[in-house]
Amino acid sequence: MVWENPFKEMANSKPLFLTIYATVLIGIVFSSVYVFSAIYSSPHSTTFSLSIAPSTSSDAKAEPSGQASNLSRVQADDDSTAVNSQLQSKLSKPIWRVPPAGSKMPDLETFKLSKELVQERVIDNVVVVTFGNYAFMDFILTWVKHLTDMGVENLLVGAMDTKLLEALYWKGVPAFDMGSHMSTVDVGWGSPTFHKMGREKVVLIDSILPFGFELLMCDTDMVWLKNPLPYIARFPEADVLTSTDQTVPTVTDDRLDMWQEVGAAYNIGIFHWRATESSKKLAREWKEMILADDKIWDQNGFNELVRRQLGPSVDDDSGLVYAYDGNLKLGLLPASIFCSGHTYFVQAMFQHLRLEAYAVHTTFQYAGTEGKRHRLREAKVFYDPPEYYNPPGGLLTFKPAVPKNLLLDGEHSIATHFALVNYQMKQIRTALAVASVLNRTLVMPPLWCRLDRLWFGHPGILPGSLTRPPFVCPLDHVFEINVMLKEMPNVEFGPGISIREYSLFDNPSMPEEVKKSWLDVHLCQEGSSGCQVNNTSQTGNLKLPKHSTEETLKTAFSKFEDVKVIQFSSMQDAFDGFTDKTREERFRNRVKRYVGIWCCVENHTPGHIYYDMYWDEKPGWKAAPPNSTADDHPPW
């Protein structure tokens, strides 16, 4: 081989070639020493790799691997020198590493927002931030876990109350004190406290940008499904990238949405800021606006400012647009992959377009915070403790029966939609009764819909959207999940009935020991062969007579109290009613309130139509909105 004895070859060569060989060899030796010393002198080098983002928009379509640097837009800032040095540093506090046993939490002053505190979490000049109060602790832990599972650890959580700050500290989640003194309970959308939380976000953005770092700001009711940092690095010229409420696709790939075609609001639940002069100017004016008038919703204020001037495009390729003051470069994250509650849960737009979703934000949603949790649970992206999957008393599930004609035949209209939903609702009503008798947690079935639900009049399916009826709709399209989970007085509504999402058994977090403890129940005609309450095979199957009474159910399942999962082959004609009429009445009072409204009929006020849990007991029942405001009340 050529390099087997390089010194011998050099000795036999002419002086000129001897000089060349010597120079090359010495260079290689020194380069090798340098490389190996760099590798072994930095323990962090095996954890984080640096790949520089394209500096021009024409190169931006090639998505870089790893966590790409976004330094190209950070300039003319007094703190830029300190920022650059961060590239060679490491995160000194790994996430999820809990403090030592017996240690004390540092003084609250330690957690005050400062440049030094933020810089501890910065990688490649980027920090990912969310914030909330203790009521959203489980959302925050879910948010953090998704990011850390994909290797993103340059994150921080703003704690709006001390209880959350302490809880995050003891779980090893990096947090800072926002000094908000916020209530620890769920404040509810649209409440004065909710708007106060929005103003706190604006103040927070204005506080962090002067530090010189790039800021990916997120609401806690969203989940990251794919590392967003390489995508964001594709647009180094952008001052601000924001999500939107767009429901109609403007692109069919992963480019930025076409700003000319986005008519929906810019949604500030997911947006990225670079510390440029234009973005800092926008943040300051936005803060001044919302602090001067507490009636202005933070998102409306942002839209008003950014749309003050919109256009022209920055160039022909990037998708960016000049906005706000004519200097701000704005990009609209594609709604197909930075998903709203509509494009993800209803349309599944990313699947239709064969794309991978980066995020889902629980917007376009009903039933409050409980509805948000349930949607994320249905999608199997919410993290619950182990006991959630193994509730006391065990689980009850059933195989729903939906005839083809109700699902597919005829036009997708209000009449066919309600016929489909009502048919399923009656089965669910029976299942709730059986779950109540057996004191088990009901696993709700997937719910099929033929029409979308919105808060304004519409033709059933939004024109231009990718919603394809029939579709499995979120449970909150029909059921009031917040009511189902609410504590109600037993004396009026009977015992509570716990529920779980339809995808529970497909969740990777479901313990195998629960799924292995299973009893299949097959309904049979009383008097037929083997159709007896005490007739149980050795294979985990039970034959149960149709139209069973409360006593029959209790007797039949008394020996299966230790079985984790009981699955009925059907709920049609499974239960003949409660023996105790008082309990029957209380159950009816409860489940009547479990269903909500379909909304909304076009050109009609009121336009919503109430679902009725006992629709089948009212001859001639039809799906129609109230005739007048006086008639506008639930069916109880």
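Small disclaimer: the values here were computed from a predicted structure and weren't measured.

Rules used throughout
- Residues numbered from 1 in each chain as written.
- Predicted model: local features only at pLDDT ≥ 70, side-chain atom pairs only at ≥ 80, totals over all residues.
- Heavy atoms only, no water.
- Helix = DSSP H or I, 4+ residues; strand = E, 2+ residues; numbered from the N terminus.
- Buried < 20%, exposed > 50% of the residue type's maximum accessible area, 1.4 Å probe, protein only.
- Contact = heavy atoms within 4.5 Å.
- Areas by Shrake-Rupley, 256 points an atom, 1.4 Å probe, with all protein chains shown as cover.
- Expected span 1.5 Å × (residues − 1).
- Polar contact = N/O pair within 3.5 Å; in protein donor to acceptor, adjacent residues only side chain to side chain.
- Core = buried A, V, L, I, M, F, W, Y, C linked by side-chain atoms within 4.5 Å.
- Phe/Tyr/Trp six-rings, centres within 6.5 Å; stacked < 30°, edge-to-face > 60°.
- Axes fitted to C-alpha atoms, helices over the stretch in contact; angles between N-to-C directions.
- Parallel < 35°, antiparallel > 145°, perpendicular 65-115°, else oblique.
- Left-handed = near helix turned anticlockwise from the far one by under 90°.
- Nonpolar A, V, L, I, M, F, W, Y, C, P; charged D, E, K, R; others polar.
- Salt bridge = Lys/Arg side-chain N within 4 Å of Asp/Glu carboxyl O.
- Pairing = 2+ DSSP bridges.
- Disulfide = S-S within 2.5 Å.

Enquirer: Mind showing me how you'd approach the overall build of the protein chain here?
Expert: Looking only at helices and strands, the protein chain features 20 helices and 24 strands. Burial analysis of the protein chain (636 residues in total) assigns 53% to the buried set. Taking as baseline every contact in the protein chain between residues at least 6 positions apart, the subset at least 24 positions apart corresponds to 70%. For the protein chain, the exposed surface amounts to about 28,800 Å²; the carbon and sulfur share of it is 53%.

Enquirer: Even after reading the chapter, I still don't get helix α9 (residues 277–292), so can you show me in this structure?
Expert: Residues spaced three or four apart along an α-helix face the same direction, because each turn holds 3.6 residues. Helix length check: α9, at 16 residues, gives a terminal C-alpha distance of 23 Å against a target of 22 Å (1.5 Å per residue), a fit within 8%. When we look at burial in α9, the residues that qualify are S278, S279, K280, L282, A283, W286, M289 and I290.

Enquirer: I'm lost on the environment of D409 in this one. Help?
Expert: Secondary-structure assignment places D409 in the loop between α14 (404–408) and α15 (414–438). You can call D409 partly exposed: its relative accessible area is 33%. If we ignore the near neighbours within four places in the chain, the residues touching D409 are K404 and R450. Within the local environment of D409, its side chain forms a polar contact with the side chain of K404, the two groups lying 2.8 Å apart.

Enquirer: Help me understand the nonpolar core in this model?
Expert: Side chains of nonpolar character tend, in soluble globular proteins, to be buried together. Membership of the largest hydrophobic core comes to 59 residues, with the highest contact counts inside it found for L432, V478, F479, F557, F568, Y594 and M613. Counting residues per element, this core draws most heavily on α15, which supplies 11 residues. Once residues lying within four places of it in the same chain are set aside, the contact partners of F479 are M425, I428, M444, L447, M484, Y594, V595 and M613. V126, A159, C218 and F382 belong to the second-largest nonpolar core, a separate cluster that totals 53 residues.

Enquirer: What exactly am I supposed to notice about the packing of aromatic side chains here?
Expert: The geometry of an aromatic ring pair is captured by the separation of the ring centres together with the interplanar angle, meaning the angle of the planes. Here the structure, examined in full by the defined rule, presents 27 aromatic pairs. Seen in terms of ring centroids, Y231 and Y358 are 5.3 Å apart; in terms of plane orientation they differ by 55°. Their pairing is tilted. Taken as a pair, Y231 in helix α8 (residues 229–233) and Y358 in the loop between α12 (349–352) and β14 (359–361) lie far apart in primary sequence, 127 residues in all. Residue class for Y231 comes out buried when judged on its relative accessible area of 0%.

Enquirer: It is not clear to me how the packing of α15 against helix α20 (residues 581–592) should be interpreted in this structure. Could you clarify?
Expert: The packing of two helices is summarised by the inter-axis angle and the distance between the axes. Contact geometry for α15 and α20: axes closest at 11 Å, N-to-C directions at 130°. By the angle between their directions, the pair α15 and α20 is classed as oblique. Crossing geometry of α15 relative to α20 is assigned as right-handed. For the pair α15 and α20, the contacting residues are R429, L432, A433, S436 and V437 in the first and R583, F587 and V591 in the second. Grouping the amino acids of the contact of α15 with α20 by side-chain chemistry returns five nonpolar, one polar and two charged.

Enquirer: In this structure, what is going on with the pattern of salt bridges? I would like to understand it.
Expert: Once their charged atoms are close, side chains differing in charge can pair, the charge on each being opposite to the other. If you walk through the whole model with that rule in mind, you get 24 salt bridges. E109 is paired through a salt bridge with K112; the nearest N and O atoms lie 3.9 Å apart. Between D138 and R373 there is a salt bridge, and its shortest N-O distance comes to 2.6 Å. Residue D138 is located in helix α5 (residues 137–149), and its partner R373 is located in helix α13 (residues 368–378); the two are separated by 235 residues in the primary sequence. Residues participating in the shared-partner salt-bridge network are K426, R429 and D616.

Enquirer: Sorry if this is basic, but what is going on with the pairing of strand β8 (residues 240–244) here?
Expert: Successive side chains on a regular strand alternate, one facing one side of the sheet and the next facing the other. The element β8 is largely enclosed, with a buried count of five among its five residues. The alternating pattern of β8 places V240, T242 and T244 and L241 and S243 on opposite faces, both of which are buried. Both β8 and strand β9 (residues 266–273) contribute to a ladder of five bridges, which runs antiparallel. The partner of V240 across the bridge, within β9, is W273. Relative to strand β12 (residues 328–332), β8 runs parallel, the two being bridged by three bridges. If you follow T242 over to β12, its bridge partner there is L332.

Enquirer: It is not clear to me how the state of the cysteines should be interpreted in this structure. Could you clarify?
Expert: In protein structure, a disulfide is the covalent linkage between the sulfur atoms of two cysteines. A full pass over the atoms with the stated rule returns three disulfides. A disulfide bridge connects C524 with C531, and the sulfur atoms are separated by 1.9 Å. Across the disulfide from C524 to C531, rotation about the S-S bond amounts to roughly 80°, and the bridge is consequently right-handed. Of the two residues, C524 and C531, neither departs from the other in class, the shared state being buried. Covalently, C599 is tied to C600 through a disulfide, its sulfur atoms 1.3 Å apart. Accessibility classification places C599 together with C600 in one group, the buried group.

Enquirer: So what exactly am I meant to see when it comes to the sheet that holds strand β13 (residues 338–339) here?
Expert: Spatial strand order, β7-β14-β13: three strands in an open sheet with mixed pairing. Of all strands in the sheet, those bounded by a partner on one side alone are β7 (222–224) and β13.

Enquirer: Just checking my understanding: could you explain α20 for this structure?
Expert: Between its first and last C-alpha atoms α20 spans 16 Å; for 12 residues at 1.5 Å apiece the expected length is 16 Å, and the two agree. Two to three positions downstream of the cap, the backbone nitrogen of T582 sits 2.9 Å from a side-chain oxygen, assigning the N-cap of α20 to D580.

Enquirer: Quick question: what am I supposed to make of the side chain of D612 here?
Expert: Checked against the element boundaries, D612 lands in the segment after β24 (609–610). Looking at D612, its side chain comes within polar contact range of the main-chain nitrogen of Y614, at 3.0 Å. Apart from the residues within four sequence positions on either side, D612 is in contact with M425, V595, K618, W621 and P635.

Enquirer: Is there a simple way to explain the environment of W286 in this structure?
Expert: With respect to the secondary-structure elements, W286 resides in helix α9. Remark: the alpha-carbon pair of W286 and Q299, spanning 13 residues in sequence, is separated by 9.9 Å. Excluding residues that lie within four positions of it along the chain, W286 makes contacts with V202, I205, I268, F271, W273, D298, G301, F302 and L305.

Enquirer: Is there a simple way to think about the sheet that holds strand β22 (residues 565–568) in this case?
Expert: Backbone-to-backbone hydrogen bonds pair the strands of a sheet. The strands run either parallel or antiparallel. Strand order across the open sheet formed by six strands is β19-β16-β15-β22-β20-β21, with parallel pairing between neighbours. Each of the sheet's edge strands pairs with one partner strand only, and the pair in question is β19 (499–500) and β21 (541–545). Summarising the sheet, strand β20 (residues 518–524) and β22 pair through four bridges and their orientation is parallel. Its bridge partner lying in β22, D520 is registered against Q567. On the sheet, α15 packs against β15 (395–398), β16 (441–443) and β22 and is oriented at approximately 155° with respect to β15.

Enquirer: I keep staring at the packing of α5 against helix α6 (residues 162–171) and nothing clicks. Help me out?
Expert: The contact between α5 and α6 brings their axes to 11 Å, and the two run at 35°. Crossing of α5 over α6 shows right-handed handedness. Packed against α5, whose contacting residues are M137, I140 and L141, the element α6 presents L164, A167, L168 and K171 at the interface. Partitioned by chemical class, the residues of the contact of α5 with α6 number six nonpolar, no polar and one charged.

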